[in-house]
Amino acid sequence: MSTMSDDNKQDTVTIYVDDQPVEVPAGINLVEAVAVAGKEVPHYCYHPKLSVVGNCRMCLVEMGTPGRDRATGEPMLDEEGNPKIMWVPKPVIGCATNVSPGMHVKTESSLVKDCREGVMEFLLVNHPLDCPICDQAGECRLQEFATDYGRGYSRFVEQKNVKPKRTRIGPRVTLDDERCILCSRCIRFCEEVADDPVLGFIDRGSYTTLTTFPGKELDNNYSLNTVDICPVGALTSTDFRFKMRVWFLKETPSIDTESSVGCNTVVGSREGTIYRITPRRNDAVNDTWMPDSGRTLYRQVDADDRMTQYSIEGRPCAAEEALTLASTYLRNGRSAIVASGRLSVEEQYLLTRIASHAPGETPAWLVARHAEGDGKLLSADRNPNVRGALVTGLIDRIPEAQLSQLSAALESGKVENLIVVGEDITQAGISIDQIKKANVVYIGAVHCDTAQYAKVEIPLLTVFEKAGSFINQQFRVQKFAQAVPGPKGVLFGLSNFTQLLAAVSDGKDRIEPSPAAVWTEMAAAIDEFKELSFSAIPSTGQLIPADRFADLPFVEGKSLHFEPRTAVADA
Amino acid sequence: MATKVLERKPLSLAEQTYLPQILGGMKITLRNMFKPPVTLEYPDERPDIPEGYRGVPTLVKDPNGREKCVSCQLCEFVCPPRAIRITPGEIDAESDTAHVEKAPKEFEINMLRCIYCGFCQEVCPEEAIFLQDIFSLSGYSREELVYQKDKLYELGGTLPDQHYKWDRKREAELAGNPHH
């Protein structure tokens, strides 16, 4: 791309955006470079994570480079001795023009303004007046650029084109062809990122229509990303269709709990109800994508089997009563813990603290959730936070799917009290008879067989109802924030764990039930977290040293932005 | 503190009889007896409501009986006292108005909250909500004054339409593309 020789290769180049010098990374295009300068080049088809096609023509700018004398190769200078700028006689598209040293760009000239007005007018010629019924309204680039760069009135009096509307092109995506502005982002996404090329254009000119290839469906697990990148309302999510206007949604940064990839997400909620989950850009983890399967996880908040009541042997009771009884169990007799890889780092750490106050050795297990990784954003480890349990010292080896050790210990009576957090151990090789043998305290978000036979039930908040952090497969600590309040009656935040800790330690070990307070404790106790605090973790996550766990046989294979340590995997 | 004693004048003979004052009063009474009344026998009589009056917000149908609201929720967004609450819904694909795709499943206006500002009417892109001439509301409970969709349509009735936007859209759909 760059014509510079290796000798004078630079990391940054200086360009002039509307005569203002700006230093930008070498090799980027003008859309990105002008953004560095704090200005905007409107664009539809360009997407930072897809190939450049340059078919929307919205990013037209004027561009010129310093001239060189053809005969001598010397830089051409004007009367004042400044480099003479050879302006390209026509506007160029910013997305397909890479920066070069000394390049000049005009983003606000009258020619550029005319170009944008013209392009907008052509795009709006056949665009239906669907905004009142269009789900994209409010986050629609066409709406935004029509206001910012459009002519402001319509000169079109003819009939608009008719194309298929309300078309199902896949199990999760609805297509409205009239709204399509033919940017081809979705086509490129399916081809380049999802490896499932099923979309294409048919017909010509203004009749061009986006459709699926004959007999094909847009049904891959990344199909809803096409909805996210669609600049208009042509591709819409069938699940979110007509549910809520986007301007009502409160956006909360969160993490996809499907697998150890830890896709960064945004949870859209209104008045305590979650309506959708969309990806959040993190160039080191998930770029701007996420799997479809992670977008429906919000349903666990209102699941039919959701547990919201503290109870002792099936009898509803107050939170304090249940936690006190749980602590009484823990302080008498040999205890064990079955934790979950779906708990946050803070919860896992508090479990280690609770275990430390119980008499004797308190072994802890995690239940493994292994499945085939898809090589993209679903890894083989479907627990989002196994590494958190390793780092906090809750466990010291890779978890297994069957709790055979625990089963034997329960059978022989070595374990009298069992704290089960967020897992149904009847699915992990523990029989109901074995559960009945011990004093089982079940802390979980859903009713299950374990809950049914547990002595004490304590409801747990889902990832959307609490703040905390996960450690993903890269050993990147990533924060998530609370999107909606928890169910009525359930103690907020980490209170279940901190109150249990206080009760077990006779009130001596007290920690505020906030992630920040737990992180202060963890920073002091855990080497990897030294000098870290909850507020200091950036929104894109913080890598921590992983040397301590280099020998563990993690199950993850290669995925986007992740390369497993093959030597370990082979060994 | 200095005080000033005011002189109280004695009443004249005419004033002492009180007759001129009574006659003056009778004159005014008599004059008004033969003038048309300035008050209304409310509630038996109702005032004429001027054009542009901002009464109770209502939902209207177009002359073909189609409900005009498409539940875009702009009124809900703009409403300063948050009196409006809409649950959007999808129009059944078999329906006559299937091409409109979207209609409110529920639409409620809390009349106890409404401040009659008229923003909802101003913002409505479908001309579906109008503050018409109803100015007097009463009810026995708070719930009763949260007007639901059917009540709002009953109050709103049908208003003339200048655009027939969706009918024209369907005509275009039926006609198809000229060269196709």
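**Description of the interface of chain B and chain A**
Turning to step 1, where the next piece is worked out: Taken together, the contact between chain B and chain A spans 17 residues of the former and 13 residues of the latter.
Turning to step 2, where the next piece is worked out: In terms of residue count, strand β2 (residues 84-90) of chain B provides more of the side of chain B that touches chain A than any other element does, three residues in total.

**Overview of the sheet that holds strand β12 (residues 250-255) of chain A**
All names here are of chain A.
Turning to step 1, where the next piece is worked out: Read from one edge to the other, the open sheet built from three strands follows the order β12-β13-β14, with strand pairing classed as antiparallel. Edge positions in the open sheet fall to β12 and β14 (273-279), since each of these has one partner strand only. Going across the sheet, the axis of each strand differs from the next one's by a mean of 30°, ignoring polarity.
Turning to step 2, where the next piece is worked out: Strand direction decides the pairing type here: strand β13 (residues 264-270) and β14, joined by six bridges, are antiparallel. Within β14, the residue paired with Val-266 across the bridge is Thr-278.

**Some thoughts on the confidence of the model for chain A**
Turning to step 1, where the next piece is worked out: Across chain A, the average pLDDT comes to 94, with 97% of residues at 70 or higher.
Turning to step 2, where the next piece is worked out: In this model, residues 567-571 of chain A is a region of pLDDT below 50 whose contacts with residues beyond four sequence positions or in other chains number five contacts.

**Observations concerning the pairing of β14 of chain A**
Turning to step 1, where the next piece is worked out: Burial within β14 of chain A is extensive, with five of its seven residues counted as buried.
Turning to step 2, where the next piece is worked out: Connecting the antiparallel pair β13 of chain A and β14 of chain A is a turn made up of two residues, with Glu-271 of chain A showing a positive phi of about 50°.

**Brief notes about the packing of helix α7 (residues 345-357) of chain A against helix α13 (residues 515-525) of chain A**
Residues and elements named next belong to chain A.
Turning to step 1, where the next piece is worked out: Closest axis-to-axis distance for the α7/α13 pair is 10 Å, and the angle between their directions is 55°. Between α7 and α13, the angle falls in the class oblique. α7 and α13 meet at a crossing whose hand is left-handed. Every residue of α13 that contacts α7 at Glu-346, Tyr-349 and Leu-350 is listed here: Pro-515, Val-518 and Met-522.
Turning to step 2, where the next piece is worked out: Here the residues of the contact of α7 with α13 are counted per class, giving five nonpolar, no polar and one charged.

**Let's talk about the environment of Ser-404 of chain A**
Residue and element names in this part refer to chain A.
Turning to step 1, where the next piece is worked out: By the secondary structure assignment, Ser-404 is in helix α9 (residues 404-412).
Turning to step 2, where the next piece is worked out: Residue classification places Ser-404 among the partly exposed positions, given that 13 C-beta atoms sit within 10 Å.
Turning to step 3, where the next piece is worked out: The spacing of Ser-404 and Ala-428 is 24 residues in sequence and 8.4 Å in space, taken between C-alpha atoms.

**Thoughts on the domain arrangement of chain A**
One frequent convention defines the size of an interface as the accessible area lost when the parts assemble.
All names here are of chain A.
Turning to step 1, where the next piece is worked out: Segmentation of chain A into domains returns domain 1 (12-108), domain 2 (128-302) and domain 3 (311-570).
Turning to step 2, where the next piece is worked out: In this structure, domain 1 and domain 2 have C-alpha centres spaced 31 Å apart.
Turning to step 3, where the next piece is worked out: Counting from both sides, the interface comprises 11 residues of domain 1 and, opposite them, 16 residues of domain 2.
Turning to step 4, where the next piece is worked out: Among the residues making up the side of domain 1 that touches domain 2, the classes are represented as seven nonpolar, three polar and one charged.

**Let's talk about the pairing of strand β10 (residues 209-212) of chain A**
The side chains of a regular strand alternate, residue by residue, between the two faces of the sheet.
Turning to step 1, where the next piece is worked out: Summarising the sheet, strand β9 (residues 199-202) of chain A and β10 of chain A pair through four bridges and their orientation is antiparallel. Bridge pairing in β10 of chain A places Ile-202 of chain A opposite Thr-209 of chain A.

**Side note on the confidence of the model for chain B**
Where the model shows low pLDDT, its predicted coordinates should not be examined in detail.
Turning to step 1, where the next piece is worked out: Put simply, chain B has an average pLDDT of 93, and 99% of its residues get 70 or more.
Turning to step 2, where the next piece is worked out: Under the prediction, the complex receives an ipTM of 0.86, its pTM being 0.90.

**Description of the nonpolar core**
Residue and element names in this part refer to chain A.
Turning to step 1, where the next piece is worked out: Counting 84 residues, the largest nonpolar core has Ala-326, Val-338, Ala-339, Leu-351, Val-420, Val-441 and Ile-458 as the members making the most contacts within it.
Turning to step 2, where the next piece is worked out: The residues that make up this core include at least three from each of domain 2 (128-302) and domain 3 (311-570).
Turning to step 3, where the next piece is worked out: Aside from chain neighbours lying at most four places away, what touches Leu-351 is Ile-337, Ala-339, Ala-364, Leu-394, Val-421 and Phe-497.
Turning to step 4, where the next piece is worked out: With 60 residues, the next largest nonpolar core counts Ala-33, Cys-56, Val-173 and Leu-378 among its residues.

**Considering the sheet that holds strand β24 (residues 542-543) of chain A**
Residue and element names in this part refer to chain A.
Turning to step 1, where the next piece is worked out: One open sheet accounts for three strands, arranged β22-β23-β24; its pairing is antiparallel. Of all the strands in the sheet, the pair left with one neighbour each is β22 (468-471) and β24.
Turning to step 2, where the next piece is worked out: Direction of pairing for β22 relative to strand β23 (residues 476-480): antiparallel, over a ladder of four bridges. Looking at β23, one finds that Ile-471 is bridged to Val-477.

Quick notes on the rules
Residues numbered from 1 in each chain as written. Chains lettered and ligands numbered in written order. Predicted model: local features only at pLDDT ≥ 70, side-chain atom pairs only at ≥ 80, totals over all residues. Contact = placed C-beta atoms within 7 Å. Helix = DSSP H or I, 4+ residues; strand = E, 2+ residues; numbered from the N terminus. Pairing = 2+ DSSP bridges. Axes fitted to C-alpha atoms, helices over the stretch in contact; angles between N-to-C directions. pLDDT = per-residue confidence, 0-100. Buried ≥ 20, exposed ≤ 12 C-beta atoms within 10 Å, placed from the backbone. Parallel < 35°, antiparallel > 145°, perpendicular 65-115°, else oblique. Left-handed = near helix turned anticlockwise from the far one by under 90°. Nonpolar A, V, L, I, M, F, W, Y, C, P; charged D, E, K, R; others polar. Domains from an automatic or database assignment. Core = buried A, V, L, I, M, F, W, Y, C linked by C-beta atoms within 7 Å.

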